[in-house]
Amino acid sequence: MSTDSLLHTPLYNLHVDAGGKMVPFAGYAMPLQYADGIMAEHRHTRQHAGLFDVSHMGQVRLRARSGDVDTAALALERLVPADILALKNGRQRYTQFTTQTGGMFDDLMVARLDDELLLVVNAACKEADIARLTAELTECVTEPLSDRSLLALQGPEAELVLAALVPDVKDMAFMDVRAFDVDGAPCIISRSGYTGEDGFEISVPSSDVERVARKLLEHPSVKLIGLGARDSLRLEGGLCLYGVDIDETTTLVEASLEWSVQKSRRAGGKREGGFPGADIILRQLEQGVDRRRVGLSPEGRAPVRHGTKLYADEALTQQVGHIASGAFGPTVGAPVAMGYVDSAYTALKTPLFAELRGRAVPVTVAALPFVPAGFKR
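One structure accompanies this document, and this report is about it. (Residues numbered from 1 in each chain as written. Predicted model: local features only at pLDDT ≥ 70, side-chain atom pairs only at ≥ 80, totals over all residues. Heavy atoms only, no water.)

### Things to note about the overall build of the chain
- When its secondary structure is counted, the chain shows eight helices and 19 strands.
- Taking the principal axes of the C-alpha coordinates as reference, the chain spans close to 60 × 50 × 40 Å.
- A buried classification covers 56% of the 377 residues belonging to the chain.
- Counting only contacts in the chain whose residues sit at least 6 apart along the sequence, the fraction spanning at least 24 positions is 64%.
- When the accessible surface of the chain is totalled, it reaches about 15700 Å², and 50% of it is carbon and sulfur.
- Charge separation in the chain, taken as the distance between the mean sites of 40 positive and 49 negative side-chain charges, equals 3 Å. (Helix = DSSP H or I, 4+ residues; strand = E, 2+ residues; numbered from the N terminus. Buried < 20%, exposed > 50% of the residue type's maximum accessible area, 1.4 Å probe, protein only. Contact = heavy atoms within 4.5 Å. Areas by Shrake-Rupley, 256 points an atom, 1.4 Å probe, with all protein chains shown as cover. Lys, Arg positive; Asp, Glu negative; His and termini not counted. Charge placed at Lys NZ, Arg CZ, Asp CG, Glu CD.)

### Some words on the nonpolar core
- Core analysis: the biggest nonpolar cluster contains 30 residues, and Phe52, Val54, Met104, Ile246, Leu252, Ala255 and Leu257 have the highest contact counts within it.
- Elements supplying a minimum of two residues to this core: strand E6 (104-113), strand E9 (148-154), helix H7 (227-236) and helix H8 (278-287).
- Per-element accounting of this core gives the leading share, three residues, to H8.
- Setting aside residues up to four positions removed in sequence, Val54 forms contacts with Leu150, Leu151, Ala152 and Arg230.
- Leu14, Leu151, Val182 and Val209 belong to the second largest nonpolar core, which has 28 residues in total. (Core = buried A, V, L, I, M, F, W, Y, C linked by side-chain atoms within 4.5 Å.)

### Describing the packing of helix H2 (residues 38-47) against H7
- One way to put it is that H2 packs onto H7 with a least axis distance of 8 Å and a crossing angle of 55°. Comparing their axes, H7 and H2 come out oblique. Here H2 and H7 pass one another in a crossing that is right-handed. In this structure, H2 contributes Ile38, Glu41, His42, Thr45 and Arg46 to the contact, and H7 contributes Gly228, Ala229, Ser232, Leu233 and Glu236.
- Of the residues contributing to the contact of H2 with H7, the split by class is three nonpolar, four polar and three charged. (Axes fitted to C-alpha atoms, helices over the stretch in contact; angles between N-to-C directions. Parallel < 35°, antiparallel > 145°, perpendicular 65-115°, else oblique. Left-handed = near helix turned anticlockwise from the far one by under 90°. Nonpolar A, V, L, I, M, F, W, Y, C, P; charged D, E, K, R; others polar.)

### Topic: the packing of aromatic side chains
- Under the definition given, this model contains two aromatic pairs.
- Here the aromatic rings of Tyr94 and Trp259 are separated by 5.5 Å at their centres, their planes lie at 25°, and the arrangement is stacked. Here Tyr94, found in strand E5 (residues 91-98), pairs with Trp259, found in the loop between H7 and H8; they are 165 residues apart in sequence, far enough to count as distant.
- Residue Tyr94 is classed as buried on the basis of its relative accessible area, which comes to 14%.
- Overall, the relative accessible area of 55% leaves Trp259 in the exposed class.
- A centroid spacing of 4.1 Å and a plane angle of 5° characterise the contact between Phe174 and Phe375, whose relative ring orientation is stacked. Remark: Phe375 occurs in the segment after strand E19 (359-366) and Phe174 occurs in the loop between helix H5 (158-163) and strand E10 (177-182); sequence separation between them is 201 residues.
- On the basis of relative accessibility, which here comes to 18%, the residue Phe174 falls in the buried class.
- Looking at Phe375, the relative accessible area reads 21%, which means it is partly exposed.
- In this structure, Arg132 packs its charged tip against the face of Phe105, placed 3.7 Å from the ring centre. (Phe/Tyr/Trp six-rings, centres within 6.5 Å; stacked < 30°, edge-to-face > 60°. Lys NZ or Arg CZ within 6 Å of the ring centre and 35° of its normal.)

The structure is reproduced here in structure tokens:
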């Protein structure tokens, strides 16, 4: 597919000018990598600060018609299993849109800022998500923020870089959300990201985003980073990619995401259930599941990719799971993967075998994340 036929983010020309290799992703032309390559971009983000264009993501404002943010929170709880009502002003939470069969339509971030909720959803799902919100939450106004772009500044030096423009970000903790001006642009900044490192996601008016991006890139610690390194960074961080690690066929319990369901929404909680598939998910929270997402460490240097079958025996006769995501981990210095395995094989250090071009490659169940998180608590 030619990238000429794809949607462009407002930073498309910046990527091209910087030598970005543009590829199709979720209907957009996005940079896979720049001249330094994926490995160097990955390491730069782990050591310094990487700037990612994530403007393809969907940004949505949700407001109650009554003006009461608690009304909007309770409405959203009809679609997600997280406690949105308890979300404090200036804070953000991870959750999922669940299906009637317990799967996931999408995963998303929800922030409360004064009298509104701000949602960030995945690019490939955003049209369906917005349609669902509009149709089902009739007591709310669902407003797609199509005039805003999204930057992610990630890495151990992200605070140093952003604080040079916005000193007060130094006071933000992980999952805090604040409204700040950045180089004269009115922005919404969350201390969060998708790399396992400390960092920020910055919602910027699209009319200002190229100027703000170039201003951040003036700092010697910052380089543009593409989708390739974003994927290897999130995999080392044990973070799920929607459509690859999680989808409508997986429940959040199978995906080891039960930490995202607060006590109030569980069995016996103040607002037990009430979301799609609640009967299935609450039962799984109490009784367990037949398979689970786990970390996997393949032997050798070759990555074991998505869809590879996993077996309990070297003869490859007893299949017990499959690889969901796999790549070489530059920080780890070895291949890393995540996959789903039968519950009897989820214990750490359990030996398994992956079928790679007809031969058995030893794989060991490993702890997630592969690289310790650098979040500022």
